[in-house]
Amino acid sequence: MAVQINPSILSADFARLAEEAEAVRGADWLHVDVMDNHFVPNLTLGVPIVESLSKATSTPLDCHLMIEDPDRWAPQYVEAGAGSVTFHAEAAAAPVRLAREIRAKGARASMALKPATPIEPYEDLLPELDMLLIMTVEPGFGGQAFLDIMLPKIRRTRELISKHGLELWLQVDGGVAESTIERCAEAGADVFVAGSAVYGKDDPAAAVQALRAKAEDVTASAAWACAH
Ligand SMILES: O=C(CO)[C@H](O)[C@H](O)COP(=O)(O)O
Ligand SMILES: [Fe+2]
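Keep in mind that this is a model prediction, so the values were computed, not measured.

## Considerations on the coordination of the iron ion (ligand 2)
Binding of the iron ion (ligand 2) to the protein goes through His-31 (NE2), Asp-33 (OD), His-64 (ND1) and Asp-173 (OD), at separations of 2.0 to 2.3 Å. The coordination sphere of the iron ion (ligand 2) comprises six donor atoms, whose angles at the metal cover 72 to 175°; the geometry is octahedral. The sequence pattern describing where the donors of the iron ion (ligand 2) fall on their chain is H-x1-D-x30-H-x108-D. Highlighted residues: His-64 in strand 3 (residues 61-66) and Asp-173 in strand 7 (residues 169-173), separated in sequence by 109 residues. Judged by relative accessible area, which is 8%, Asp-173 ranks as buried.

## Some thoughts on the site of ligand 1
Taken together, 20 residues surround ligand 1, and among them Asp-33, Gly-140, Asp-173, Gly-195 and Ser-196 come closest. Between ligand 1 and the protein, one listed contact pairs an oxygen atom with a side-chain N or O atom of Asp-173 at 2.7 Å. Between ligand 1 and the protein, one listed contact pairs an oxygen atom with a backbone N or O atom of Gly-175 at 2.9 Å. Isolated, ligand 1 exposes 370 Å² of accessible area, and the fraction of that covered by the protein chains is 100%. Put simply, the parts of the chain that give the shell around ligand 1 at least two residues each are strand 2 (30-35), strand 3 and strand 8 (191-194).

## Some words on the side chain of Asp-62
Mapped onto the secondary structure, Asp-62 falls in strand 3. Although Asp-62 lies buried, it forms no salt bridge, and the closest oppositely charged side chain, Arg-108, sits 8.3 Å away as judged by the N-O distance. Side-chain polar atoms of Asp-62 contact the side chain of His-31, separated by 2.8 Å. In this structure Asp-62 touches Asn-6, Trp-29, Leu-30, His-31, Val-32, Ser-84, Thr-86, Met-131, Gln-171 and Val-193, once residues within four positions along its chain are discounted.

## Concerning unusual backbone geometry
Phi is positive for Asn-37, close to 65°, though the residue is something other than glycine. The residue Asn-37 is located in the loop between strand 2 and helix 2 (47-56) in this model. Exposure remark for Asn-37: the relative accessible area of 44% places this residue in the partly exposed category. Even without being glycine, Asp-69 reaches a positive phi, approximately 55°. Tracing the backbone through its elements, the reader meets Asp-69 in the loop between strand 3 and helix 3 (70-79).

## As for the environment of Gly-81
With respect to the helices and strands, Gly-81 occurs in the loop between helix 3 and strand 4 (84-88). On the basis of relative accessibility, which here comes to 37%, the residue Gly-81 falls in the partly exposed class. A sequence separation of 18 residues divides Gly-81 from Cys-63, and the C-alpha atoms of the two residues are 9.8 Å apart.

## With respect to the sheet that holds strand 2
In spatial order, the strands read 1-8-7-6-5-4-3-2; together these eight strands make up an open sheet with parallel pairing. Of all the strands in the sheet, just strand 1 (4-7) and strand 2 have a single pairing partner and so form its edges. Between one strand and the next, the sheet's axes are offset by a mean angle of 25°, whatever the strand orientation.

## Notes on the UniProt feature "active site" (unreviewed entry) in the protein chain
UniProt's feature table lists "active site" (unreviewed entry) at Asp-33 and Asp-173, given in the numbering used throughout. What stands out for the annotated residues spanning 141 residues is how close their C-alpha atoms remain, the widest pair being 10.5 Å apart. Residue position: Asp-33 is located in strand 2. Since its relative accessible area comes to 5%, Asp-33 is described here as buried. Once you skip the residues sitting within four places of it in the chain, Asp-33 turns out to touch Ser-8, Leu-10, Thr-44, Leu-45, His-64, Met-66 and Asp-173.

## Observations concerning helix 4 (residues 95-104)
Residues separated by three or four positions in an α-helix point in the same direction, a consequence of the helix having 3.6 residues per turn. Every buried residue of helix 4 is listed here: Pro-95, Leu-98, Ala-99 and Ile-102. Taken around the axis of helix 4, the buried residues stretch over an arc of 100°, which confines them to a single face. For helix 4, the exposed residues set more than 90 degrees away from the buried face come down to Arg-97 and Ala-104. Structurally, helix 4 contributes buried residues whose contacts are with helix 3, strand 4 and strand 5 (108-113). Taken from the residues just after helix 4, Gly-106 is the one with a positive phi, measuring 105°.

Parameters at a glance
- All residue numbers refer to positions counted from 1 along the written sequence of the respective chain.
- Chain labels run from A onward and ligand labels from 1 onward, assigned in the order the entries are written.
- Local features in a predicted model are, by the rule used here, given only for residues with pLDDT of at least 70; side-chain atom pairs are given and counted only at 80 or more, and totals for whole chains, interfaces and linings are based on all residues.
- The basis for the side-chain values is all heavy atoms of the structure; hydrogens and waters are excluded.
- Metal donors were taken as nitrogen, oxygen and sulfur atoms no farther than 2.8 Å from the ion, or 3.2 Å where the ion is Na, K or Ca. Water is excluded, so coordination may look unfinished.
- Every angle between 85 and 135 degrees makes a four-donor site tetrahedral, while opposite donors more than 155 degrees apart, with all other angles between 65 and 115, make a four-donor site square planar and a six-donor site octahedral; other sites are irregular.
- Helix numbering and strand numbering both begin at the N terminus, where a helix is a DSSP run of H or I of at least 4 residues and a strand a DSSP run of E of at least 2.
- Partly exposed residues are those whose accessible area sits between 20% and 50% of the maximum for their type, while under 20% is buried and over 50% is exposed, using a 1.4 Å probe and protein chains only.
- Whether a residue is near a molecule or strand depends on its heavy atoms: it is near if one of them lies within 4 Å of it.
- Polar contact is defined as a pair of N or O atoms within 3.5 Å, subject to the rule that within protein one atom must be able to donate a hydrogen and the other to accept it, and that residues adjacent in sequence are counted only when both atoms are side-chain atoms.
- A 1.4 Å probe and the Shrake-Rupley method give the accessible areas. Residues count as covered only by the protein chains that appear here.
- Charge convention: Lys and Arg are scored as positive, Asp and Glu as negative, and His as well as the terminal groups of each chain are ignored.
- Salt bridges are counted wherever a side-chain nitrogen of Lys or Arg sits within 4 Å of a carboxyl oxygen of Asp or Glu.
- Should any heavy atoms of two residues lie within 4.5 Å, those residues are counted as being in contact.
- Strand pairing is assigned whenever DSSP identifies at least 2 bridges connecting the two strands.
- Here an angle of 0 to 180 degrees is reported between the N-to-C directions of two axes, which are lines fitted to C-alpha atoms, with helices fitted over the stretch in contact.
- UniProt positions are given in the numbering used here, feature names are shortened, and annotations may be inferred rather than shown by experiment.
- Throughout, the arc means the angular range of directions from the helix axis out to the C-beta atoms.

Next comes the structure, spelled out in structure tokens:
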């Protein structure tokens with residue numbers, strides 16, 4: 001699968017979201033961090049803003065729900081126009097049922113793991129998902145330092161995906177930058193979220209291209225990608 005770069009609008013100007021979406025033309029998806037001040041200690045945006053943003057941009061929306069009770073709320077983000085909806089494993093009461101509901105409503109279903117949550121208990125659930133998100137910071141805030149102790153988890157997850165012959169995308173989120181993206185790609189990630197490393201730059205579109213070039217360089221020769 002080709003490398004995908006998903007800028008996180010958490011680091012964008014929330015008063016100019018449509019323009020900020022335009023500023024990263026060429027990105028594969030726009031990553032939208034939904035935080036409820038309960039699952040994480042921060043509050044961002046919800047369904048109405050996702051609905052407006054999906055009408056204002058042609059870039060598909062990748063909604064990362066850092067909220068309690070995703071079983072209740074995630075389907076509403078599909079209805080609001082999200083093309084991919086990620087719920088947290090730690091918050092979902094019935095992850096298989098929820099993934100099936102997201103898919104049935106027409107979006108890609110994805111599940112996220114906080115840094116302390118292992119992948120192994122979820123091995124049997126992977127065929128129900130279109131993407132798995134491995135957090136490389138504690139969820140809640142942009143601009144945090146990349147946790148390189150997550151690299152073995154990325155590697156183990158890529159091995160499980162290969163073992164089961166799945167088409168699952170493997171996303172990393174948190175502290176992804178030009179200095180860290182190659183290690184993520186080498187470990188097996190193919191979808192990269194970057195907030196401050198894109199919107200913190202004078203030319204966000206150029207930052208997306210620079211990140212893509214670095215990741216593509218690695219995946220062109222990575223053992224996991226060649227075997228895929
Ligand atoms: O989910 C998130 C935080 O919980 C964000 O997507 C992530 O932090 C992006 O920001 P940065 O690239 O600056 O780390
Ligand atoms: Fe995120």
